[in-house]
Amino acid sequence: MKTCFLLAGLFCAALTQAQPASYWQQRVDTRLSVTLDDHHHFLRGHITLDYYNQSPDTLTYIYFHLYPNAYSSDRSAYTRQAVENGNTDFYFSKREQGGYIDSLEFSRLVTVQTEERIRLGVVETEHPDVVKVMLDQPLLPATHIVISTPFRVKIPSVFSRMGHSGQAYYISQWFPKPAVYDGEGWHPYPYLDQGEFYSEYGSYEVSVSLPENYILMATGNILEPEECQWLDSLAALPLPADTLYKTYTPESSAAYKTVTFTEDNVHDFAWFADKRWVVRKEVFAVPGTHDRVSAYTCFSPQHQKAWNGGIGALKTTVESLSRWVGPYPYKTIKAVEGLLVAGSAMEYPTITLVGGSDDPEYIHTCVVHEAGHNWFYGIIGSNERRYPWMDESINSFYEHRIAPDTGRGSKALGGLSLNYLSYAMMAAKHTLMPVSSASDSFPYINYATDIYGKGAFYFEWLSAYMGPEHFQSAMQAYYETWKFRHPQPRDFEALFRKHSDKSLDWFFDELLPSDRPVDFAIGKVRRDATGTYVQVKNKSGLKLPVQVQLDDGSSASAWSEPFTGTAELHLAEQEGQVVINPDIADYNRNNNSEYMPLRIRPFAGMNMHTGYKTWLLPALGYNVYDRFMLGMVVHNLSVPKNKFQYALAPMYTFGSQTFAGTGFLSYEFFHQESWLHTTELRLEGKTFAYDRNNLNIDHYKYKRFFKLAPEIVWTLKPPFARSAVHRSLSLTGFWINEGQLSFRQDAVDSLYRPETAPDVTQLYARLRYRHEHNRTLNPFDYTFEGQFGRQFAKLSLTANLRIDYHMKNKGLHVRAFAGKFFNLAAQPYDSYRYRLASTFNGYNDYLYEDTYLGRSETMGFPAQQISLREGGFKINTLQYANQIGLSDDWLFTLNLKTDLPLGWLPVRLFADLGTSGAAPVPEGARIYYAAGVELFLGSYFSLYVPVVMSKEYSDYQKSVFPKDRFWHSISFALHLDRIAWTNLGDKLLQF
């Protein structure tokens with residue numbers, strides 16, 4: 001053992017001499033022994049570290065990662081980030097499901113022979129999973145120190161990467177590990193779900209003791225011949241039934257075994273153990289070397305069909321990247337199946353963990369991607385926490401080359417990947433972030449989209465621009481120069497500039513640091529005897545190159561120099577349609593072709609192909625007056641979204657036997673370098689019947705309304721990238737024409753009959769500021785609003801807060817409303833319908849914003865519909881009598897709802913409390929209330945059953961309904977206003 005570490009030290013010294021004077025890196029050689037207690041889910045171990053100070057600095061302390069402590073508290077950086085990302089599983093977990101590391105006694109080994117030790121002090125930091133170990137004496141440059149400590153780990157349930165699922169163990173980021181110290185200083189990063197790792201290189205010798213019937217896979221090479229032989233025998237067995245171990249796990253052996261793994265030039269060590277795995281193995285050659293590598297896969301019997309190509313995926317990856325980048329230097333490569341929450345798979349040196357699946361393509365892609373990380377993370381150890389593109393983006397680029405997406409989703413997108421769809425959707429919304437950003441600065445969706453998707457597409461663009469040969473030679477030089485080292489972005493950039501005969505300023509200075517979406521458009525195309533001249537517009541605002549080509553499969557193409565504005569390119573050929581090279585990461589494919597036809601398609605679809613699309617789908621509707629309605633929706637709502645959007649739904653009404661419908665037009669302007677994010681111009685229109693009458697006639701006369709509402713909406717940029725704050729300011733005008741009926745007495749029979757009267761047209765305006773803080777826990781919003789008409793003005797503030805209980809998806813919902821009414825009418829009754837309403841229903845909806853089954857009904861089930869606007873009360877008060885709960889002065893209400901600990905049952909209790917400047921009864925201002933039970937179905941329908949109410953409401957109910965008061969007191973709400981039609985694609989990004 002002493003000899004092993006002496007040789008490591010000599011190698012370390014030689015490496016130091018070989019490196020340029022301006023570069024240095026530390027080295028840590030690690031010896032570990034650990035025992036698994038699979039009854040109580042504990043690890044008990046001891047670690048000895050040889051820490052070599054190869055920096056020019058004298059060190060007085062060393063930061064250590066204690067990653068298991070990330071699971072010790074709901075205040076850790078991991079927990080905070082997970083909750084911000086919408087993952088509350090750990091936050092709401094039981095205490096016994098958590099984890100930690102303890103029993104630490106850091107000491108310095110003075111001499112190996114005597115094992116004399118000096119206890120080292122430990123200083124806690126702001127993070128429970130990072131400590132500062134104080135050295136008893138300074139560690140000078142070109143010297144080393146031996147530090148050891150026992151430790152104990154409580155293995156958590158699987159919430160992220162490390163954990164256990166029953167007696168299956170996924171042990172990563174599990175031991176005390178020094179933080180990296182490099183030219184930029186210390187990097188004492190806490191554990192995060194989003195954001196991976198940065199560690200020092202060295203050698204590892206790890207002994208794992210556990211019950212002998214566990215199959216154990218880990219970083220490195222097994223020293224015990226009998227363990228290797230046992231694995232070989234398992235690999236030779238025929239596949240078991242796919243139902244084996246599906247419902248149970250074998251008992252653990254009473255006898256223990258110890259398996260020792262070793263590996264050099266790695267910066268981490270992970271191990272995984274399961275008693276149920278199927279083992280497969282193959283040995284193959286590493287291209288360009290005389291070396292051979294042993295590949296292992298381990299997987300559950302029930303997923304054997306999906307894993308049938310697992311070994312092939314490992315082999316293909318090793319062979320491809322060894323040729324394209326550099327030879328694989330290790331003796332083993334492994335992929336195992338297990339439970340994983342932080343993504344679909346996770347890489348460690350020589351081994352990867354892949355989540356369970358029955359999909360062969362999923363397994364193949366995951367194995368290729370994670371095995372590729374042995375190059376970009378394992379061999380080239382960039383700082384992935386700070387520069388994730390140097391790892392994930394480059395690796396994803398090679399994943400696409402080795403395992404292109406050919407699934408059903410890709411076919412539906414015309415050969416583009418699902419990652420490209422996500423990229424295009426966010427680019428269309430102008431919510432991308434610079435690829436060069438740190439991993440923990442990305443919003444959750446952006447991290448996957450910008451780094452794994454967009455970053456990989458940028459490298460495809462770079463390869464096409466440089467030429468594949470130049471790109472490959474640059475990558476091979478990068479590998480050879482920086483293997484087993486820690487390159488910075490400037491090091492990558494320098495090598496690629498060196499291997500290119502073109503300027504790469506556009507890539508490193510413009511593209512990587514920018515959040516602007518890339519959009520090129522084919523402009524005018526003219527042909528003459530010398531060929532084809534193509535005008536290309538660059539709409540991104542960045543100085544970028546573009547390539548045009550013919551879509552007939554010929555080699556005819558032309559690159560531009562990086563440009564802004566407009567450029568003209570020349571092709572020698574005269575025939576064939578001109579298109580933009582699909583390797584260019586252009587999110588808007590509509591305008592990438594010479595011909596852009598209008599395509600009309602049924603239902604809905606993706607907006608990922610050349611041309612303009614309109615979709616048609618059936619439209620159905622119903623209300624009491626128009627009865628059933630049938631028509632057609634003509635729309636261009638798609639993903640990615642268009643800047644100009646429309647949806648028009650004309651329908652024929654079988655009740656009023658005329659035409660009705662609704663629709664909108666919308667156009668968004670995006671702002672760069674501004675406090676504004678978007679300006680949206682919107683026009684909404686609708687027309688339906690809102691009342692009817694057949695007094696003394698054999699058919700109905702109908703009242704119809706027509707509405708036009710132009711609106712301008714300014715959306716502000718969030719305060720910072722991961723902010724959950726959404727702010728908007730809008731100004732809306734309303735032109736509303738309401739049909740009228742008058743009643744004329746017949747001179748013959750003296751009966752009154754309805755007849756059409758002149759329409760009434762009203763103009764309104766609304767100014768609204770809305771602030772939403774959509775944080776995962778305790779989200780809130782508030783809205784300031786002013787409404788104005790000829791007869792009135794109203795000012796209001798509505799606020800909502802959800803106070804989460806320490807129980808997932810359960811909380812107290814608090815709503816408060818405060819409003820002030822100003823009567824501007826000549827006669828008080830002229831403004832009656834505009835008064836502030838405790839209970840808001842169709843009569844109060846003079847802006848015609850909600851959808852009502854019977855907007856003017858006073859009896860029957862449709863009359864029991866309400867909306868949660870203004871006072872938000874659930875007691876319906878528009879039934880045969882003057883509506884109570886109105887105020888022509890001021891109104892304040894408090895609406896409470898609480899979830900119940902009834903699992904999935906959609907039941908809440910509600911309570912409403914209000915007071916106003918004009919009382920609901922003549923006695924004067926007072927407090928009134930109602931409470932009961934809510935049954936809700938999703939976000940769009942609620943049924944309210946009042947149980948108790950104040951005297952005003954009970955007297956009202958008695959006066960209107962002497963019988964069956966209970967059934968008539970029930971109200972319901974349709975929350976269709978919550979559907980954001982112009983942002984339907986946002987829902988897709990959440991999956």
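The shown structure was predicted, so the numbers you read here are calculated from the model rather than taken from an experiment.

So, on to unusual backbone geometry. For the peptide bond that leads from Val639 to Pro640, omega is -5°, which places it in the cis range. Topologically, Pro640 is positioned in the loop between β33 (627–635) and β34 (644–653). The phi dihedral of Asn265 is positive, around 55°, even though this residue is not glycine. Along the chain, Asn265 falls in strand β18 (residues 256–266).

Here we come to the pairing of strand β16 (residues 215–218). On β16, burial covers both faces: Ile215 and Met217 on one face and Leu216 and Ala218 on the other are all buried. Across 4 bridges, β16 lies against strand β19 (residues 271–274) in antiparallel orientation. Among the inter-strand pairings, Met217 is bridged to a residue of β19, identified as Phe272.

The subject of this paragraph is a positive patch on the surface. A contiguous patch of positive charge, built from Lys524, Lys537, Lys539 and Lys643, is present on the exposed surface. Looking at the element boundaries, Lys537 is found in strand β26 (residues 531–538).

It is worth spelling out helix α4 (residues 310–324) at this point. With 15 residues, α4 extends 21 Å between its outermost C-alpha atoms, agreeing within 8% with the 21 Å of an ideal straight helix rising 1.5 Å per residue. Burial in α4 covers these residues: Gly310, Ile311, Ala313, Leu314, Thr317, Val318, Ser320, Leu321, Ser322 and Trp324.

Glancing now at the pairing of strand β40 (residues 780–789). Across 10 bridges, strand β39 (residues 752–773) lies against β40 in antiparallel orientation. For Tyr764, the partnering residue across the bridge sits in β40 and is Gly789. Hairpin connection between β39 and β40: a loop of 6 residues separates the two successive antiparallel strands, and Asn778 in this loop has a positive phi of roughly 55°. With 9 bridges connecting them, β40 and strand β41 (residues 792–804) associate as antiparallel partners.

This part covers the packing of aromatic side chains. Following the criterion strictly, the structure yields 82 aromatic pairs and no others. On the basis of an interplanar angle of 45° and a centroid distance of 5.2 Å, the ring pair of Trp461 and Trp506 is categorised as tilted. One end of the pair, Trp461, is in helix α9 (residues 444–466); the other, Trp506, is in helix α12 (residues 505–511), and 45 residues separate them in sequence. Accessibility classification places Trp461 together with Trp506 in one group, the buried group. The ring of Phe664 carries Arg682 above its face, with NZ or CZ at 4.5 Å from the centroid.

Moving on, we come to the packing of α4 against helix α6 (residues 392–402). The contact between α4 and α6 brings their axes to 11 Å, and the two run at 115°. Between α4 and α6 lies a crossing of right-handed hand. Counted together, Thr316, Thr317, Ser320, Leu321 and Trp324 of α4 and Tyr398, Arg401 and Ile402 of α6 form the full contact between these two elements. Class assignment of the residues belonging to the contact of α4 with α6 gives a composition of 4 nonpolar, 3 polar and 1 charged.

Rules and cut-offs
- Residues numbered from 1 in each chain as written.
- Predicted model: local features only at pLDDT ≥ 70, side-chain atom pairs only at ≥ 80, totals over all residues.
- Heavy atoms only, no water.
- Helix = DSSP H or I, 4+ residues; strand = E, 2+ residues; numbered from the N terminus.
- Buried < 20%, exposed > 50% of the residue type's maximum accessible area, 1.4 Å probe, protein only.
- Pairing = 2+ DSSP bridges.
- Patch = residues over 30% accessible without salt bridge, like charges linked within 9 Å, V, L, I, M, F, W, Y side chains within 5 Å.
- Areas by Shrake-Rupley, 256 points an atom, 1.4 Å probe, with all protein chains shown as cover.
- Salt bridge = Lys/Arg side-chain N within 4 Å of Asp/Glu carboxyl O.
- Lys, Arg positive; Asp, Glu negative; His and termini not counted.
- Charge placed at Lys NZ, Arg CZ, Asp CG, Glu CD.
- Expected span 1.5 Å × (residues − 1).
- Phe/Tyr/Trp six-rings, centres within 6.5 Å; stacked < 30°, edge-to-face > 60°.
- Lys NZ or Arg CZ within 6 Å of the ring centre and 35° of its normal.
- Axes fitted to C-alpha atoms, helices over the stretch in contact; angles between N-to-C directions.
- Left-handed = near helix turned anticlockwise from the far one by under 90°.
- Contact = heavy atoms within 4.5 Å.
- Nonpolar A, V, L, I, M, F, W, Y, C, P; charged D, E, K, R; others polar.

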